[in-house]
Amino acid sequence: MATQDQPRVISHPGSVTAVTTPPRTRPRVQWFAYLYILPAFLIIFVFHILPVGYAIWISMQSGAVRRFQFVGLDNYVRALNAPEFWSSLQTTVFYTLGTVPFTMALGLGIAYLLFQKIRGRGIYRAIYFMPYIISTVASAIVWAWVFDPRTGLANQVLALFGVSAQQWLIEPTGVFKLIGEGMRVPVPGWAEGPSLALVAIMIFAVWQALGFSIVIFLAGLGNINAELYEAARIDGANGSQLFRHITLPLLAPTTFFLLVISLIYSLQAFNHIFAMNQSAAQQLGGPLGTTRTLSIFMFQALYEQNRAGYASAIAVLLSLMILALTLVQFKYFGRSGENA
Amino acid sequence: MNRDRLKRQTTNLLIHAILIFGAVIVLFPFVWMVLGSFKSYNDATTSGFTPREWLWSNYPEAIVTMNGSVPCQFDAGNPLAILNQCLLLRYFVNTIFVGIVVVLGVLTTGVLAGYAFARLNFPGRNLLFVILIATLMIPFELTLVPNFVFMTWFPTPESWIATALGLSREGVQNWINTYYALIVPFTASVFSIFLFRQFFRGIPNELFDAALLDGAKHSRFLWSVVLPLSKPALVTSALLTFLGTWNALMWPLLVTNAPQMRPIQVGLTQFIGEAGTQVQLLMAGATMTVIPIMILYLILQRWFVEGISSAGIRG
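The structure presented is a predicted model; accordingly, all values stated were derived computationally and were not measured. (Residues numbered from 1 in each chain as written. Chains lettered and ligands numbered in written order. Predicted model: local features only at pLDDT ≥ 70, side-chain atom pairs only at ≥ 80, totals over all residues. Heavy atoms only, no water.)

A. How the structure looks around the overall build of chain A. When helices and strands are counted, chain A shows 16 helices and 2 strands. Long-range contacts, defined here as pairs at least 24 residues apart, represent 64% of the contacts in chain A between residues at least 6 apart. Carbon and sulfur atoms form 64% of the exposed surface of chain A, whose accessible area is close to 17000 Å². (Helix = DSSP H or I, 4+ residues; strand = E, 2+ residues; numbered from the N terminus. Contact = heavy atoms within 4.5 Å. Areas by Shrake-Rupley, 256 points an atom, 1.4 Å probe, with all protein chains shown as cover.)

B. View of the interface of chain A and chain B. In this complex, chain A contributes 95 residues to the contact, which on the side of chain B involves 104 residues. Regarding the contact of chain A and chain B, the summed buried area is about 8900 Å², with carbon and sulfur atoms giving 75% of it. In terms of surface lost to chain B, no three residues of chain A exceed A:Tyr36, A:Phe47 and A:Trp145, which account for 9% of the buried area on that side. Connecting chain A to chain B are 0 salt bridges. The interface formed by chain A and chain B contains 14 residue pairs in polar contact (both at pLDDT 80 or more). In terms of residue count, helix α3 (residues 33-58) of chain A provides more of the side of chain A that touches chain B than any other element does, 19 residues in total. (Buried area = accessible area lost by both parts, 1.4 Å probe. Salt bridge = Lys/Arg side-chain N within 4 Å of Asp/Glu carboxyl O. Polar contact = N/O pair within 3.5 Å; in protein donor to acceptor, adjacent residues only side chain to side chain.)

C. Just the state of the cysteines, in detail. Residue and element names in this part refer to chain B. For the coordinates displayed, the defined rule picks out 1 disulfide over all chains. Covalent S-S linkage joins Cys72 and Cys86, the inter-sulfur distance amounting to 2.1 Å. One quick way to see it: the torsion about the S-S bond of Cys72 and Cys86 is about 70 degrees, and its sign makes the bridge right-handed. Of the two residues, Cys72 is situated in the loop between α3 (58-66) and α4 (82-85) and Cys86 in the loop between α4 and α5 (87-119); the sequence distance between them amounts to 14 residues. For Cys72, a relative accessible area of 26% puts it in the partly exposed group. For Cys86, a relative accessible area of 8% puts it in the buried group. (Disulfide = S-S within 2.5 Å. Buried < 20%, exposed > 50% of the residue type's maximum accessible area, 1.4 Å probe, protein only.)

D. Unusual backbone geometry, seen in detail. Residues and elements named next belong to chain A. Here Gly286 and Pro287 are connected by a cis peptide whose omega angle stands at -5 degrees. In this fold, Pro287 is placed in the loop between α14 (271-279) and α15 (294-304). Although it is not a glycine, Ala281 adopts a positive phi angle of roughly 55 degrees. Mapping Ala281 onto the fold places it in the loop between α14 and α15. For Asn306, which is not glycine, the phi dihedral falls at a positive 60 degrees. Topologically, Asn306 is positioned in the loop between α15 and α16 (308-339). For Asn306, a relative accessible area of 40% translates into the label partly exposed.

E. Main features of the packing of aromatic side chains. Under the counting rule described, the total for this entry stands at 47 aromatic pairs over all chains. Note on A:Phe297 and A:Tyr310: the rings are 6.2 Å apart at their centroids and 80 degrees apart in plane angle, and the pair reads as edge-to-face. Placement of A:Phe297 in helix α15 and of A:Tyr310 in helix α16 is noted, with a sequence separation of 13 residues between them. Each member of the pair, A:Phe297 as well as A:Tyr310, carries the same accessibility label: buried. Ring pairs connect the aromatic residues A:Trp31, A:Tyr34, A:Phe41, B:Phe117, B:Phe122, B:Phe129 and B:Phe194, which therefore count as one cluster. Between A:Arg307 and the ring centre of A:Tyr310, over which it is positioned, the NZ or CZ distance is 4.1 Å. (Phe/Tyr/Trp six-rings, centres within 6.5 Å; stacked < 30°, edge-to-face > 60°. Lys NZ or Arg CZ within 6 Å of the ring centre and 35° of its normal.)

F. A look at the nonpolar core. A:Met276, B:Leu19, B:Tyr115, B:Phe117, B:Met151, B:Phe200 and B:Val255 are the most contacted members of the largest nonpolar core, which totals 198 residues. When residues in this core are grouped by element, the largest group, 17 residues, is from helix α10 (residues 196-222) of chain A. (Core = buried A, V, L, I, M, F, W, Y, C linked by side-chain atoms within 4.5 Å.)

G. Structural detail: helix α13 (residues 252-267) of chain A. Taking 1.5 Å as the rise per residue, α13(A) with 16 residues should run 22 Å; its terminal C-alpha atoms sit 22 Å apart, in good agreement. Inspection of α13(A) places A:Thr254, A:Phe257, A:Leu258, A:Val260, A:Ile261, A:Ser262, A:Ile264, A:Ser266 and A:Leu267 among the buried residues, and these make up the whole buried set. (Expected span 1.5 Å × (residues − 1).)

H. Structural view of the environment of B:Leu19. Within the secondary structure layout, B:Leu19 lies in helix α1 (residues 2-36). Relative accessible area serves as the criterion here: at 0%, B:Leu19 is assigned to the buried category. Those residues in contact with B:Leu19, other than ones at most four positions away along the chain, are A:Ile110, A:Leu113, A:Leu114, A:Ile118, A:Tyr124 and A:Tyr128.

I. Representation of the side chain of B:Gln301 within the structure. Note that B:Gln301 resides in helix α16 (residues 279-314). Leave out the neighbours within four places in its chain, and B:Gln301 touches A:Gly122, A:Arg125 and A:Ala126.

J. Highlighting the environment of A:Phe330. Mapped onto the fold, A:Phe330 is located in helix α16. The exposure class assigned to A:Phe330 is partly exposed, which follows from its relative accessible area of 40%. Residues A:Phe330 and A:Phe257 lie 73 residues apart in sequence; the distance between their C-alpha atoms is 9.7 Å. Sequence-distant contacts of A:Phe330, that is, excluding residues within four places in its chain, are made with B:Ile133 and B:Met137.

K. Highlighting helix α7 (residues 140-153) of chain B. Residue and element names in this part refer to chain B. Relative to the 20 Å expected for 14 residues at 1.5 Å per residue, α7 spans 20 Å between its end C-alpha atoms, a close match to the ideal helical length. Maximum bend of α7: about 25 degrees, positioned at Pro146. Every buried residue of α7 is accounted for by Glu141, Leu142, Thr143, Leu144, Val145, Pro146, Asn147, Phe148, Val149, Phe150, Met151 and Thr152. (Bend = angle between axes of the 7 residues up to and from the residue.)

This is the structure in structure tokens:
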């Protein structure tokens, strides 16, 4: 990597440049470079690096911001013993399982269709990407109206299929239990699934994230050598064979990248839930705490209960999970990068 | 030949049908929002697609509701006073001001650091770059509490100087409820530094050698040769940064509580409670906040999309 930046004279001693350039045996150290990186490092050190250590320190304190008291690992013990911690972890997992696979599958499907030299590809791409640009709060306001139990569109659509009206964002009952009740099949407590409120938020989240995954998949598809398709076609491969044996394997790095990014984002899920809870006049994480993810749980500890230490302990636990995912990504990309 | 063409046309038609169906679903909430913003309350809460009567009055009413039912009055003698009076306007001005300053900060710190990492030779360069990239792994949640604590510690420069000189009796103010809290922590972005470094490395060495032979200094070379060539990287970084500030929610919620300091997203969150069940006002409020970014998107659509995809591919 570093050799690329050194003057070319060194790598090509006999070239024309070597004759015209004054000979330099060693690249000079440009001390003023530190001035160039100083502003960026100052900001990043103060607001990104320093806080990591401080967060761990705070996580071992109790009390409000100005009256800290050292309590050791007490906050961690408390968090790991709190039923809310485990239920918010479960909610986070539900949220991840309900958004990431759908967003990626739909994104891949649409990107693949768009990639078929379709007329107006740019327009489609612009439309599908639009929800990603619009602020979560504004779109949550609209979606909360769509899911309004009295006047919302969602219930009108359900009525077309003869399904009774639902409470959506204020419904704490598990979605599988609701379906079971509709079909008169008893569903055991452990299989209730995410609350209908969370499902409504997940639908909203998939709608918003879809454009991102389409754009990333399109870029990945663009990187696949077109000659491969030509060659396979000459050999008599049909459309689905092309997709299975060329597109999918060669798209694997893109898919993996998107998967890890999406997993990390969904572990951090906050904006969608916050905005939808507000719009449905629910408490944060409501109804009955069934939309409380780990991020929401942490935010409540800090914002509503003013327990900075406890919030930090939750954040450290959340970060460890995210770190694990990121390391997987780095490891994988380190390897795939060498191949590429 | 003919059958082949027919087959391809049918496939194309099918693909278009699927894509249009999807596009309608994606666009529908926006259409529904705009239509809803023109309906009366009764109209909005009963079924019906288009408004029976197009009510423009929802918009001024939404603005007044945002103000706590005080109408916005423009005073020609003191035109700036409207910023303290008309909250929607204030939210917009706050967001745009913060966005522009953050973008300028990110571009300045990013271009300088990116240039150093791409073109300059100094001890520890690789190590420092690795440290920088490693900070990308730190989730926002982890730094949230400490940064919040910092905001209660840091003094605002003007109150600090005023107190030191004995001009103010209010004492030193902290960063809570100030633009400093909304701006300063975000004025450097590792992603942008990385983007600029990659871009600057792509600039041909010949150009670099020629300019330095001419005796141009690095600062001048950066300003007059590198930057004009780097428009794509500058625009991508600026757009993504601006979008990030425009949509920021958790941090501004924490560090602002005075209505005058709220950015648009926090203001809109507040407005949800203020409008209550008046759906048509909520839609009008949402539409007003969506339109500026929508226009920006429609004009700069290509940059947004390509910026995201290059950012994604490079990780």
